[in-house]
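Structural overview for review
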Amino acid sequence: MKTISYIIILLIAISVPRVWSITDKEIVQALESLEDWDAAYPLAYQIAQQENTYQLWRKIAGKYASFDTHQRAYLQAWQHAYRLNQEAIFRDFLKINPDSPFNRYAIHALFKLIKASKDIKKYQAFIKEFPNVIESIEALLKTHEITFQRAKEVNEPLVYDAFVETFYGAKQIPQAIELAFHAEKERVEKDISKTKSYEEREYIARGLFNEARIAEKAQNSLVATRKYRLLNLKLFIETEVFTELLDREERLAYQKLMLEKQAETTESIKEMREAVIESLQVETKELGDKVTLELQAQGKNLEEIIDEQNRLLTEKLDTVNKNLRQGYMGGVGADLAELIPFVGHGVKIAKVIGRMSPAIVRALSKPNKQQAILLGKETKPANALPLAPSQREGEN
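Attention here is on the structure that accompanies the text.

**Examining the overall build of the protein chain**
Per the secondary structure count, the protein chain includes 22 helices and 0 strands. Of all 396 residues assigned to the protein chain, the portion counted as buried reaches 46%. A total accessible area of about 20800 Å² is found for the protein chain, and carbon and sulfur atoms account for 53% of it.

**Digging into helix 3 (residues 37–51)**
The terminal C-alpha atoms of helix 3 lie 20 Å apart, and with 15 residues this matches the ideal 21 Å at 1.5 Å per residue to within 8%. Taken together, the buried positions of helix 3 are Ala39, Ala40, Tyr41, Leu43, Ala44, Tyr45, Ile47 and Ala48. Positioned one or two residues after helix 3, Asn52 has a phi angle of 50°, which is positive.

**Some remarks on the nonpolar core**
Trp78, Phe93, Phe102 and Ile137 are the most contacted members of the largest nonpolar core, which has 89 residues in total. Residue contributions to this core peak at 9 residues, all from helix 9 (residues 134–154). Excluding residues within four positions of it along the chain, Trp78 makes contact with Phe90, Phe93, Phe102, Tyr105, Ala106, Leu317, Asn321 and Leu324. Within the second largest apolar cluster, 19 residues are counted, among which are Phe181, Val188, Ile192 and Phe209.

**Section: the pattern of salt bridges**
Across all of its chains, the model carries 22 salt bridges by this definition. Here Glu135 and Arg104 are joined by a salt bridge, their closest N and O atoms 3.0 Å apart. With Glu135 in helix 9 and Arg104 in helix 7 (residues 103–117), the pair connects residues that are 31 residues apart, well separated along the chain. Neither Glu135 nor Arg104 differs from the other in exposure class; each is buried. When the shortest N-O distance is used, the salt bridge between Glu308 and Arg311 registers 2.8 Å. Here Glu308 pairs with Arg311, and both are found in helix 17 (residues 302–325), just 3 residues apart, close to one helical turn. Under the relative-accessibility criterion, Arg311 is labelled partly exposed at 39%. Here the salt bridges do not stand alone but share partners, grouping Asp161, Glu184, Glu211, Arg226 and Lys227 into one network.

**Some words on the packing of helix 5 (residues 72–84) against helix 17**
The N-to-C vectors of helix 5 and helix 17 enclose an angle of 120°; their axes lie 11 Å apart at closest approach. In terms of their interaxial angle, helix 5 and helix 17 are classed as oblique. Helix 5 and helix 17 meet at a crossing whose hand is left-handed. Where helix 5 approaches helix 17, its residues Leu75, Trp78, Gln79 and Tyr82 are matched on the opposing element by Leu317, Asp318, Asn321, Leu324 and Arg325.

**A few points about the side chain of Thr195**
Inspection of the secondary structure puts Thr195 in the loop between helix 11 (173–193) and helix 12 (198–217). Relative accessible area serves as the criterion here: at 18%, Thr195 is assigned to the buried category. Those residues within four positions of Thr195 in sequence are excluded, and the remaining contacts are Glu200, Arg201 and Ile204.

**Looking at the packing of aromatic side chains**
Overall, the coordinates contain 18 aromatic pairs when judged by the stated rule. Ring geometry for Phe163 against Phe167: centres 5.2 Å apart, planes inclined by 40°, an arrangement best described as tilted. With a relative accessible area of 0%, Phe163 lands in the buried category. Taking the relative accessible area as the measure of exposure, Phe167 reaches 1% and is therefore buried. Ring pairs connect the aromatic residues Tyr74, Trp78, Tyr82, Phe90, Phe93, Phe102 and Tyr105, which therefore count as one cluster.

**Some remarks on helix 4 (residues 54–63)**
Taken as a whole, helix 4 has its buried residues at Tyr54, Leu56, Trp57, Ile60 and Ala61. On its buried side, helix 4 packs onto helix 3, helix 5 and helix 6 (87–96).

**So, the environment of Ile353**
Note that Ile353 resides in helix 19 (residues 347–356). Judged by its relative accessible area of 4%, Ile353 is buried. Taking the C-alpha atoms as reference, Ile353 lies 8.9 Å from Lys128; in sequence the two are 225 residues apart. Those residues within four positions of Ile353 in sequence are excluded, and the remaining contacts are Ile127, Pro131, Ser136, Ile137, Leu140 and Pro358.

Cut-off values and rules
The numbering scheme is per chain: residues are counted from 1 as the chain's sequence reads. Note on the predicted model: pLDDT of at least 70 is required for a residue's local features to be given, and 80 or more for side-chain atom pairs to be given and counted; whole-chain, interface and lining totals, by contrast, use all residues. Side-chain descriptors were evaluated using all non-hydrogen atoms of the structure, hydrogens and water having been removed beforehand. In this description a helix means any DSSP run of H or I spanning at least four residues, a strand means any run of E spanning at least two, and both kinds are numbered starting from the N terminus. Here's how the labels work: a residue is buried when its accessible area is under 20% of the maximum for its type, exposed when over 50%, partly exposed in between, all with a 1.4 Å probe on protein chains only. Areas reported here follow the Shrake-Rupley algorithm with a probe of radius 1.4 Å; residue values treat only the protein chains shown as occluding. Helix span, expected: 1.5 Å multiplied by one less than the number of residues in the helix. Throughout, nonpolar core names a set of buried Ala, Val, Leu, Ile, Met, Phe, Trp, Tyr and Cys residues whose side chains join them through atoms within 4.5 Å. By definition, residues are in contact when any of their heavy atoms lie within 4.5 Å. The working definition used for a salt bridge is a side-chain nitrogen of Lys or Arg within 4 Å of a carboxyl oxygen of Asp or Glu. Lines fitted to the C-alpha atoms define the axes, with helices restricted to the stretch that makes contact. Angles between their N-to-C directions range from 0 to 180 degrees. Convention used here: angles under 35 degrees read as roughly parallel, angles over 145 as roughly antiparallel, angles from 65 to 115 as roughly perpendicular, and any remaining angle as oblique. Crossings are assigned a handedness: left-handed for a near helix turned anticlockwise from the far helix by less than a right angle, right-handed for a clockwise turn. Whether two aromatic rings pair depends on their centres lying within 6.5 Å, for rings of Phe, Tyr and Trp, where Trp uses its six-membered ring; planes under 30 degrees apart make the pair stacked, over 60 edge-to-face, and the rest tilted.

Below, the structure is given as structure tokens:
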């Protein structure tokens, strides 16, 4: 086949006038049309060396995968992708060889760009695309941070409620519930300060009680417990509503709600931590067996474990790229292979993501007014209250 191919190419070259001499690219195209990949590969590789672009190396790495035995073209494509540092390029690189260990680096580099953008839509798109990697847990945590900060800027009870209902398991949930109470408490205190009689105070108390009952029947526990808690303030201690509430179990609703949410949050963080550690154990022996045991022994929290993983992965990536720049293009040999982590299956991560993402996805596709504020689709209301200094303490 090769002999026939060369004869055909020679005939083409002879038949074409010297002024229209055949180019190397045309020869490659002719060989490819004849499906003589073995003959086309060396010349295609030579052209890629001359032009030295990501697009050409990527084409050779994909089209001539079976001939790129030492992965020279693939490694060249990776170096260009890393230097270009673009989301679209990294996503394209991932398509070349879905089973390549270098994909772990491409996913990590892709997320670094997304993280820098602080774009919630991009975070969620990443989570959907890679639901079983550690970076998806980090994307989830970053989503919580950004939306909770927006809730604090607005400082509206219903916006805090939307945060609690949308971002299941977020560590900020107990604080969001408390801030919602203080925001509404400030409004109630202003209303009480304007009253001039016992009847007016009783009227406000009765209104809160009725609102709590309505919310309770609507199964809106966040609003109901907040209203009941407000009625326990000293402002209402002399009202008939407060006396009535003393005989009802609802007066303890807030304490029960906080215990429930604290337990949910603690369990959620524990599950995310265990999922990240499991993934580290799968990814590589070095990152898993040695480092993970150290992290567990030191009692690092979830964010610290993720930061440590990012640091170690970046170090490995720098070492690999340094070797490649120095001409170590002999393929993924024994020494280089030790520096490349395999993409872990992340079974626990996928499970956690699967439980925590649906509400966020629904909010992104069809948000209510409060969720739109959290997601940056709507500006805060004009009557938003600023956080008091006491409310800002410990916000991190």
